[in-house]
Amino acid sequence: MESLKCMTLNVRALKARAKRETLNRYLEVNKVHIACFQETYCSAEFEKEFNKEFNGSVYHSFTDSNHSRGVCILISDDVHYNVISKHCDTEGRMLALNVEINEKLFTIVSVYCPNREAERIKFMKYMFKWIEENAISMENVLLGGDFNCSIYKYDRKHQNADRSGKFLEQSVKKYNLVDVWKMFYKDTRCVTYIDPSNRGHDSRIYFFFIPEV
């Protein structure tokens, strides 16, 4: 395999079988190799049922809630890999897989940051230290998630930047990670969150970061 096709998405609950089947079809049609999902709402008791509809292996950080949190990483059956180690938190917000793919080591991370700014900053500070402690190599970290904040001015509408967005920008630079979307589309505006209140506070809060080359 010459390249890996990766994605990240806040799925807003995957308890419904039909929704999982639809998502699996999307992954197959688009030939996605690695997917990071947030807000799966998947508990340990629901794992077996959850995994049935996916063509691939699913790894979880479980939630203890029926209506929030839970993250997972799905690796397609088309990928030949070995899992070296798995690390997760106890709240369903962080999951890291150390894997070997084509004789190369990667750390794949799926994260879901809190909604409130102060909690988000505290979480991010811990999150990057946690990744550094558990990553098999910081040189090949693939970090996808819902960060609940935007980084660039052109990725938010009618919103001021908050401190967590600035902290996220500084942190990915520190670890030599780059925003994949920005690599290809530069200053092109993209929205991943549509404000349900119709106040126009739409923004891009989902990111996939990869090592700078």
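Being a predicted model, the structure only gives us computed values, none of them experimental.

What about the state of the cysteines?
1) Next: Enumeration according to the criterion identifies zero disulfides in this entry.
2) Next: Among the cysteines around C42, which has no disulfide bond, C72 carries the closest sulfur, lying 7.5 Å off.
3) Next: Residue C42 is classed as buried on the basis of its relative accessible area, which comes to 0%.

What to know about the sheet that holds strand β8 (residues 141-146)
1) Next: Reading across from one edge, β5-β6-β7-β8-β10-β9 is the order of the six strands in this open sheet, with mixed pairing throughout. Both outer strands of the open sheet, β5 (81-88) and β9 (177-179), are each paired with one neighbouring strand and no more. When the angles between neighbouring strand axes are averaged without regard to direction, this sheet yields 20°.
2) Next: Docked against the sheet, helix α3 (residues 117-134) engages β5, β6 (94-101), β7 (104-112) and β8, running at close to 25° with respect to β6.

Focus on the pairing of strand β2 (residues 34-38)
1) Next: With five of five residues buried, β2 lies mostly within the body of the structure.
2) Next: Judged from the five bridges that link them, strand β1 (residues 6-10) and β2 form a sheet pairing that is parallel. Across the sheet, the residue bridging to M7 is A35, located in β2.
3) Next: In this region the chain leaves β1, passes through helix α1 (residues 17-29) and returns to the parallel neighbour β2; the handedness of that crossover is right-handed.
4) Next: Sheet analysis places β2 next to strand β4 (residues 71-76), joined by five bridges and oriented antiparallel. Looking at the pairing, Q38 lines up with V71 of β4.

Let's talk about the nonpolar core
1) Next: Counting residues in hydrophobic clusters, the biggest one holds 25 residues, and the most contacted among them are M127, F128, L143, F147, L168 and F209.
2) Next: Only β6, β7, α3, β8, α4 (163-174) and β10 (206-211) provide two or more residues apiece to this core.
3) Next: A per-element tally of this core places α3 first, with six residues.
4) Next: Setting aside anything within four residues of it in sequence, one finds F128 in contact with L143, F167, L168, S171, V172 and Y175.

Side note on the sheet that holds β4
The strands making up a sheet associate through backbone hydrogen bonding, with each pair oriented either parallel or antiparallel.
1) Next: Reading across the sheet, the four strands line up as β1-β2-β4-β3 and stay open at both edges, with mixed pairing between neighbours. Taken across any chain shown, the strands that pair with only one partner, and hence form the sheet edges, are β1 and β3 (56-61). Direction aside, the axes of adjacent strands within the sheet are offset by 15° on average.

Side note on the pattern of salt bridges
1) Next: Going through the model one piece at a time under the given rule, you end up with 10 salt bridges.
2) Next: In this structure, E53 and R17 form a salt bridge, with 3.3 Å as the shortest nitrogen-oxygen distance. Remark: R17 occurs in helix α1 and E53 occurs in the loop between α2 (47-51) and β3; sequence separation between them is 36 residues.
3) Next: Given a relative accessible area of 11%, E53 falls into the buried group.
4) Next: Note on R17: relative accessible area 52%, which makes it exposed.
5) Next: The shortest N-O distance in the salt bridge between K166 and E169 comes to 3.7 Å. Pair noted here: K166 and E169 are both in helix α4, with a separation of three residues, about one helical turn.
6) Next: Among the charged side chains, a network of salt bridges with common partners joins R17, R20, E21 and E53.

Description of α3
1) Next: The terminal C-alpha atoms of α3, which comprises 18 residues, lie 25 Å apart, in line with the 26 Å expected from a rise of 1.5 Å per residue.
2) Next: Those residues of α3 hidden inside the fold are in contact with β5, β6, β7, β8 and α4.

With respect to the packing of aromatic side chains
1) Next: Scanning the model with the defined rule gives seven aromatic pairs in all.
2) Next: Centre to centre, the rings of F50 and F54 are 5.7 Å apart; their planes meet at 35°, and the pair counts as tilted.
3) Next: F50 gets classed as buried once you look at its relative accessible area, which sits at 0%.
4) Next: Classification of F54 by relative accessible area gives buried; the value is 6%.
5) Next: Relative to F209, the ring of F147 has its centre 5.6 Å away and its plane inclined at 75°; by these criteria the two rings are edge-to-face. Separated by 62 residues along the polypeptide, F147 in the loop between β8 and α4 and F209 in strand β10 bring together distant segments of the chain. The pair F147 / F209 is uniform in exposure class, with both members buried.

The rules behind these values
- Residues numbered from 1 in each chain as written.
- Predicted model: local features only at pLDDT ≥ 70, side-chain atom pairs only at ≥ 80, totals over all residues.
- Heavy atoms only, no water.
- Disulfide = S-S within 2.5 Å.
- Buried < 20%, exposed > 50% of the residue type's maximum accessible area, 1.4 Å probe, protein only.
- Pairing = 2+ DSSP bridges.
- Helix = DSSP H or I, 4+ residues; strand = E, 2+ residues; numbered from the N terminus.
- Axes fitted to C-alpha atoms, helices over the stretch in contact; angles between N-to-C directions.
- Contact = heavy atoms within 4.5 Å.
- Right-handed = clockwise from strand over helix to strand, strands pointing away.
- Core = buried A, V, L, I, M, F, W, Y, C linked by side-chain atoms within 4.5 Å.
- Salt bridge = Lys/Arg side-chain N within 4 Å of Asp/Glu carboxyl O.
- Expected span 1.5 Å × (residues − 1).
- Phe/Tyr/Trp six-rings, centres within 6.5 Å; stacked < 30°, edge-to-face > 60°.

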